[in-house]
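# Observations on the three-dimensional arrangement
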Amino acid sequence: MSRIKIFMLSISISFSFLLLNGCSSLPQFSSEVCTKKIVIDGDNSEWNGIPSYIDKNNVLAVSVCHDDEYVYVCMITQDSQTQRQIMGGGLTVWFDRTGSDDKTFGINFPLGRHTGGASQRMNEETRRDFDTARQVMDQTTLEMEIIGSKETDRYLLPLVNNEGIQAKIGKLNGREMVYELQVPLKKTAGHPNAIEPKKDFIGLGFETGAIASPSGKRKGEHSGSPGESEGSGPSSQSGMGRGHRGGGSSGGGKMHQGGASKSTSIPEPVNMWWKVKL
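For clarity, every value in this text was computed on a predicted model and none was experimentally measured.

### Topic: the overall build of the chain
If you tally the helices and strands in the chain, you get four helices and 14 strands. A burial count over the chain gives 50% of its 278 residues as buried. Put simply, 68% of the contacts in the chain that link residues at least 6 apart link residues at least 24 apart. For the chain, the exposed surface amounts to about 13,600 Å²; the carbon and sulfur share of it is 51%.

### Here's the deal with the pattern of salt bridges
All chains considered together, the criterion is met by two salt bridges. Salt-bridge contacts for E207 lead to K103; the nearest nitrogen and oxygen are separated by 2.9 Å. Here K103 lies in the loop between β6 (91-96) and β7 (105-108) and E207 lies in strand β12 (residues 201-208), a separation of 104 residues in the sequence. The exposure class assigned to E207 is buried, which follows from its relative accessible area of 16%. Across the pair E145 and R154 runs a salt bridge, and its minimum N-O distance is 3.0 Å. Residue E145 is classed as buried on the basis of its relative accessible area, which comes to 4%.

### Observations concerning the confidence of the model for the chain
Considering every residue of the chain, the mean pLDDT works out to 75; 60% of them sit at 70 or more. For residues 4-23, every residue scores under 50 in pLDDT, and the model assigns this stretch two contacts once sequence neighbours within four places are set aside. Note on residues 220-229: pLDDT is under 50 here. Beyond four places in sequence and across chains, it has 20 contacts.

### Some words on the packing of aromatic side chains
Aromatic ring pairs are defined here through the distance separating the ring centres and the angle between the ring planes. In the structure shown here, the tally under the stated rule is five aromatic pairs. Between F206 and W274, the ring centres sit 6.0 Å apart and the planes meet at 85 degrees, which makes this aromatic pair edge-to-face. Taken as a pair, F206 in strand β12 and W274 in strand β14 (residues 271-277) lie far apart in primary sequence, 68 residues in all. Relative accessible area serves as the criterion here: at 0%, F206 is assigned to the buried category. Given a relative accessible area of 0%, W274 falls into the buried group. Cluster of aromatic residues (ring-pair linked, three or more members): F29, Y53, F206 and W274. Here the guanidinium or amino end of K275 rests over the ring plane of F201, the centre of that ring lying 4.6 Å away.

### Some remarks on the pairing of strand β8 (residues 143-147)
For β8, the tally of buried residues reaches four of five residues, placing the bulk of the element in the interior. With three bridges connecting them, β7 and β8 associate as antiparallel partners. When the sheet's bridge partners are listed, G106 is paired in β8 with I147. Relative to strand β9 (residues 154-158), β8 is paired through five bridges, and the arrangement is antiparallel. Within β9, the residue paired with I147 across the bridge is R154.

### Topic: the environment of C65
Tracing the backbone through its elements, the reader meets C65 in strand β4 (residues 61-66). Residues C65 and V276, spaced 211 residues apart in sequence, show a C-alpha to C-alpha distance of 10.0 Å. Excluding residues that lie within four positions of it along the chain, C65 makes contacts with S31, E32, C34, I38, W47, I50, Y70, V71 and Y72.

### Looking at a positive patch on the surface
A surface patch of like charges, here positive, comprises R97, K187, K198 and K199. Here K199 shows up in the loop between β11 (176-184) and β12. When its relative accessible area of 69% is taken as the criterion, K199 is described as exposed.

### Remarks on the sheet that holds β6
Across a sheet, paired strands are connected by hydrogen bonds in the backbone, their directions being either parallel or antiparallel. Sheet architecture is open: seven strands sit in the order β1-β14-β12-β6-β7-β8-β9, paired in mixed fashion. On the outer flanks of this sheet lie β1 (28-30) and β9, each paired with one strand and no other. The average undirected angle you get between the axes of adjacent strands in this sheet is 25 degrees.

The rules behind these values
- Residues numbered from 1 in each chain as written.
- Predicted model: local features only at pLDDT ≥ 70, side-chain atom pairs only at ≥ 80, totals over all residues.
- Heavy atoms only, no water.
- Helix = DSSP H or I, 4+ residues; strand = E, 2+ residues; numbered from the N terminus.
- Buried < 20%, exposed > 50% of the residue type's maximum accessible area, 1.4 Å probe, protein only.
- Contact = heavy atoms within 4.5 Å.
- Areas by Shrake-Rupley, 256 points an atom, 1.4 Å probe, with all protein chains shown as cover.
- Salt bridge = Lys/Arg side-chain N within 4 Å of Asp/Glu carboxyl O.
- pLDDT = per-residue confidence, 0-100.
- Phe/Tyr/Trp six-rings, centres within 6.5 Å; stacked < 30°, edge-to-face > 60°.
- Lys NZ or Arg CZ within 6 Å of the ring centre and 35° of its normal.
- Pairing = 2+ DSSP bridges.
- Patch = residues over 30% accessible without salt bridge, like charges linked within 9 Å, V, L, I, M, F, W, Y side chains within 5 Å.
- Lys, Arg positive; Asp, Glu negative; His and termini not counted.
- Charge placed at Lys NZ, Arg CZ, Asp CG, Glu CD.
- Axes fitted to C-alpha atoms, helices over the stretch in contact; angles between N-to-C directions.

In structure tokens, the structure reads:
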């Protein structure tokens, strides 16, 4: 074989390796098959026994289960700054049908800066008290936003709808924020928006918007690349927020518990992705 052919073959093998490595770079876990009915009510009691997966920054604990029709997501955070970020800047949960981190389908709830919704009127409340902010949200936010692959491909959908998409935020024990989401797996006449997984994997991302500081400036208007704050491995115990980080780390693995904070600092936006096997 000539040197040129050997050189070209080496480049081809290296490029293929990079592609494969890139596709598998996201932290990975498996969705559980639902053994009981999941009610989207902001209460995670029915999630007992389903493993939680904690991101490498120890602020989010995520569980996923599915049945033949829906994917269900439960996210808990005990970190007060992250709670303020979600309530003040909005939260978008992203899905990618190939298991990558492409933003092909998203649910924005609570509404963020793109919509001019309630979160823009809650910045002061979120810096002071979660419960006050939630009361404002409950009174003014009756919609979620459906986001497609294009920036202009977005529209508002009532929280109470017939499309099979449900979202709810609750708080337990005065410190844990619980976020629950139900999304159809496949498109049907009744479910015009769905994940549509290509194979056995989907990408799952969490991204918050920026909230304004007292001076009116926004911090972290554009969050970093997904790889800068990706998820971690499974918790060593079942139940949300009680386990340790996976991935072989030792010590200090408990999810950060940020109690009521008097700090007025503006938290960095959240941007975390996982690859989930169905």
